[in-house]
Amino acid sequence: MSTTAEFPVTWAPRRTRAVLLPVCVLLVVLFAVMAVALPANWQFNDRLMMAASGVLFASVGLMLARPRVRADAEGVTVVNFVRSRRLAWAEIVRVNFRQGDPWATLDLADGSSLAAVGIQSGVGKAQAIADARALRDLVERRGH
């Protein structure tokens, strides 16, 4: 991704999402079919729990497909598995993506750090490094 790209810029593991989203749909359908096809001696509650299991597994898949990092003129929004956080450019001190790290981390002005799971090595190391550099360049230009 070019550092001169117009805002907004979003980094996300697109292949991961492309796999997980259809799998989530498949899980819901599969467990619903299994709930209907269960032997007659299974109770309604058993069938309901079978269908609910499919929804639960799909929910986990959707949670895993959630991470992304979005930059716009005002700052950066980091969406991780469960939480999301909005940061002003000045709050980000540095973008780190060291050898062996599963995803980029942001060092923040308050002394803490924040995982940016949307930029991860699972999409390919070269792409993840390029994405982290693009975000780092934006932080250096906008944050100081």
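About the cut-offs
Residues numbered from 1 in each chain as written. Predicted model: local features only at pLDDT ≥ 70, side-chain atom pairs only at ≥ 80, totals over all residues. Heavy atoms only, no water. Axes fitted to C-alpha atoms, helices over the stretch in contact; angles between N-to-C directions. Helix = DSSP H or I, 4+ residues; strand = E, 2+ residues; numbered from the N terminus. Parallel < 35°, antiparallel > 145°, perpendicular 65-115°, else oblique. Contact = heavy atoms within 4.5 Å. Nonpolar A, V, L, I, M, F, W, Y, C, P; charged D, E, K, R; others polar. Buried < 20%, exposed > 50% of the residue type's maximum accessible area, 1.4 Å probe, protein only. Salt bridge = Lys/Arg side-chain N within 4 Å of Asp/Glu carboxyl O.

### Overview of the packing of helix α1 (residues 14-37) against helix α2 (residues 44-64)
Then step 1. For the pair α1 and α2, the least separation of the axes is 8 Å and the interaxial angle reads 175°. Between α1 and α2, the angle falls in the class roughly antiparallel. Residues L20, L21, C24, L27, V28, F31, M34, A35, V36 and A37 of α1 lie in contact with α2, whose contacting residues are R47, M50, A51, S53, G54, V55, F57, A58, G61, L62 and L64.
Then step 2. Grouping the constituent residues of the contact of α1 with α2 by class yields 17 nonpolar, three polar and one charged.

### Focus on the environment of V29
Then step 1. In this fold, V29 is placed in helix α1.
Then step 2. Taking the relative accessible area as the measure of exposure, V29 reaches 46% and is therefore partly exposed.
Then step 3. Sequence separation between V29 and R17 is 12 residues, and the spatial gap between their C-alpha atoms is 18 Å.

### Regarding the pattern of salt bridges
Side-chain pairing between opposite charges can occur once the charged atoms of the two side chains come close.
Then step 1. Following the criterion strictly, the structure yields six salt bridges and no others.
Then step 2. Across the pair R86 and D72 runs a salt bridge, and its minimum N-O distance is 2.8 Å. Within this pair, whereas R86 is found in strand β4 (residues 84-88), its partner D72 is found in the loop between β2 (68-71) and β3 (75-79), the two being separated by 14 residues in sequence.
Then step 3. Overall, R86 belongs to the partly exposed group, its relative accessible area being 38%.
Then step 4. The class for D72 is buried, based on a relative accessible area of 12%.
Then step 5. The partner of R136 in a salt bridge is E140, with the nearest N and O atoms 3.9 Å apart. Of this pair, R136 and E140 both sit in helix α3 (residues 125-142), four residues apart, which is roughly one turn of that helix.
Then step 6. Among the charged side chains, a salt-bridge network with shared partners connects R70, D72 and R86.

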